[in-house]
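# What the coordinates show
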Amino acid sequence: MTYRKPVAYQGEDRPLLLDLFSCAGGAAMGYHRAGFTVVGVDIADRSARYPFEFRQGDALAVLAELIGTGEIAGYTLVHASPPCQGKCTLTVGTNQAMGWGSDHVDLVAPTRALLNASGVPYVIEQPNGKADVRKDISLCGEMFGLSVLRHRNFELGGWNTPRPAHRPSRGRVRGWRHGKFHDGPYVAAYGSGGGKATVPEMQAAMGIDWTDIREELTEAIPPAFSEWIGRAFHTRILAGQVAA
């Protein structure tokens with residue numbers, strides 16, 4: 001991977017970040033708070049709620065176009081959250097039991113291939129499960145005092161940073177399990193029914209107030225996660241520890 005330190009780190013502008021498979025911008029907000037200018041890309045039209053510059057389109061096609069034109073060189077970091085529902089812990093067991101999952105798309109490998117070709121440092125995010133992604137960094141809500149666990153794994157390309165210590169949970173996730181209701185300090189920010197979190201509860205638990213669409217909230221990364229990653233990246237690049 002070839003990478004050239006951008007002018008932004010010479011104090012002129014905020015570095016530019018490309019947010020692929022952006023959904024409603026949970027990750028984007030964290031990177032913004034960490035000092036990046038963010039451009040989001042998603043195949044669905046998120047423009048009404050995505051809080052930053054947004055481009056509707058197939059994320060991999062847009063990335064390939066940026067590589068082809070050379071415009072990708074203007075970006076300092078790329079974040080990608082490619083779909084991999086068939087291998088997510090929350091769905092893999094149900095998919096197998098019900099014979100579902102054949103239509104689920106796993107875009108992790110093609111996303112990684114294009115990101116490596118881009119020459120830009122990157123982050124690939126995936127939930128716990130069987131997705132073929134390196135767990136260079138693993139984060140959860142307890143590490144940031146959130147009321148949602150939402151374990152997420154991050155593969156880092158072209159840079160690295162020390163793994164933070166995982167903090168054990170303080171109790172259960174609230175909801176029904178096998179006919180019994182369990183209370184706890186965390187809410188289940190996915191699905192509906194069975195004691196799952198309401199939309200206002202999900203917003204409060206993850207620190208997201210710019211969308212009230214349940215589907216967007218259930219897929220969102222809490223901004224605290226990506227803010228931590230963005231600040232870690234700044235620290236590494238300013239220390240000269242990102243490949244040049």
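Residues numbered from 1 in each chain as written. Predicted model: local features only at pLDDT ≥ 70, side-chain atom pairs only at ≥ 80, totals over all residues. Heavy atoms only, no water.

### A few points about the environment of Thr 218
- Take Thr 218: it is sitting in helix α6 (residues 214-219).
- Through-space distance from the C-alpha of Thr 218 to that of Val 199 is 9.3 Å; in sequence the pair is 19 residues apart.
- With near-sequence residues (within four places) excluded, Thr 218 lies in contact with Arg 150, Ala 189, Tyr 190, Gly 191 and Met 202.
- Of note is the side chain of Thr 218, whose polar atom sits 2.9 Å from the backbone oxygen of Glu 215. (Helix = DSSP H or I, 4+ residues; strand = E, 2+ residues; numbered from the N terminus. Contact = heavy atoms within 4.5 Å. Polar contact = N/O pair within 3.5 Å; in protein donor to acceptor, adjacent residues only side chain to side chain.)

### Observations regarding the sheet that holds strand β4 (residues 77-80)
- As summarised here, the arrangement of the seven strands in space is β3-β2-β1-β4-β5-β7-β6, forming an open sheet in which the pairing is mixed. Two strands lie at the open edges of the sheet, namely β3 (53-56) and β6 (137-139), each paired on one side alone. Ignoring which end each strand starts from, the neighbouring axes of this sheet average 20° apart.
- Bridging between strand β5 (residues 122-127) and strand β7 (residues 152-157) involves six bridges; their strand directions are antiparallel. Each bridged residue has a counterpart across the sheet, and for Pro 127 the counterpart in β7 is Arg 152.
- Of the strands in this sheet, β1 (16-20), β2 (37-42) and β3 touch helix α2 (residues 59-69), which is tilted by about 145° from β1. (Pairing = 2+ DSSP bridges. Axes fitted to C-alpha atoms, helices over the stretch in contact; angles between N-to-C directions.)

### Some remarks on the nonpolar core
- Counting 40 residues, the largest nonpolar core has Tyr 31, Phe 36, Val 38, Leu 77, Val 123, Phe 154 and Trp 159 as the members making the most contacts within it.
- The leading source of residues in this core is helix α7 (residues 223-238), at five residues.
- Apart from the residues lying within four places of it in its own chain, the contact partners of Phe 154 are His 79, Val 123, Ile 124, Glu 125, Arg 134, Lys 135, Asp 136, Ile 137, Leu 139, Phe 225 and Ile 229.
- Within the second largest apolar cluster, 22 residues are counted, among which are Ala 59, Val 62, Ala 80 and Leu 115. (Core = buried A, V, L, I, M, F, W, Y, C linked by side-chain atoms within 4.5 Å. Buried < 20%, exposed > 50% of the residue type's maximum accessible area, 1.4 Å probe, protein only.)

### Focus: the packing of aromatic side chains
- Considering all chains together, one arrives at seven aromatic pairs under this definition.
- Taken together, a centroid distance of 6.3 Å and an interplanar angle of 45° make the contact between Phe 36 and Phe 233 tilted. Of the two residues, Phe 36 is situated in the loop between α1 (26-33) and β2 and Phe 233 in helix α7; the sequence distance between them amounts to 197 residues. Of the two residues examined, Phe 36 and Phe 233, each falls in the buried class.
- Geometrically, the ring pair formed by Tyr 50 and Phe 52 is edge-to-face, given 6.2 Å between the ring centres and 85° between the ring planes.
- Among the aromatic residues, those joined into a cluster by ring pairs are Tyr 31, Phe 36, Trp 159 and Phe 233. (Phe/Tyr/Trp six-rings, centres within 6.5 Å; stacked < 30°, edge-to-face > 60°.)

### Let's talk about α7
- Taking 1.5 Å as the rise per residue, α7 with 16 residues should run 22 Å; its terminal C-alpha atoms sit 22 Å apart, in good agreement.
- What α7 keeps buried is the set Pro 223, Phe 225, Ser 226, Ile 229, Gly 230, Ala 232, Phe 233, His 234, Arg 236 and Ile 237.
- Those residues of α7 that are buried are in contact with α1, β4, β5, β6, β7 and α5 (199-206).
- Remark: Gly 240 follows α7 within two positions and exhibits a positive phi of approximately 75°. (Expected span 1.5 Å × (residues − 1).)

### Some thoughts on the pairing of β1
- For β1, the buried fraction is high: four of the five residues fall into the buried class.
- Relative to β2, β1 runs parallel, the two sharing five bridges. Bridging from a neighbouring strand, Leu 18 pairs with Val 39 of β2.
- One ladder, built from four bridges, connects β1 with β4; its direction is parallel. Within β4, the position partnered with Leu 20 by the bridge is Ala 80.

### Here we look at the pairing of β4
- On β4, burial covers both faces: Leu 77 and His 79 on one face and Val 78 and Ala 80 on the other are all buried.
- Alignment of β4 against β5, held across three bridges, turns out to be parallel. Looking across to β5, one finds that His 79 is bridged to Val 123.

### Regarding the pattern of salt bridges
- This structure, assessed with the given rule, holds 13 salt bridges.
- Between Glu 215 and Arg 46 there is a salt bridge, and its shortest N-O distance comes to 3.5 Å. Here Glu 215, found in helix α6, pairs with Arg 46, found in the loop between β2 and β3; they are 169 residues apart in sequence, far enough to count as distant.
- In this structure Glu 215 comes out as partly exposed when scored by relative accessible area, which is 36%. (Salt bridge = Lys/Arg side-chain N within 4 Å of Asp/Glu carboxyl O.)

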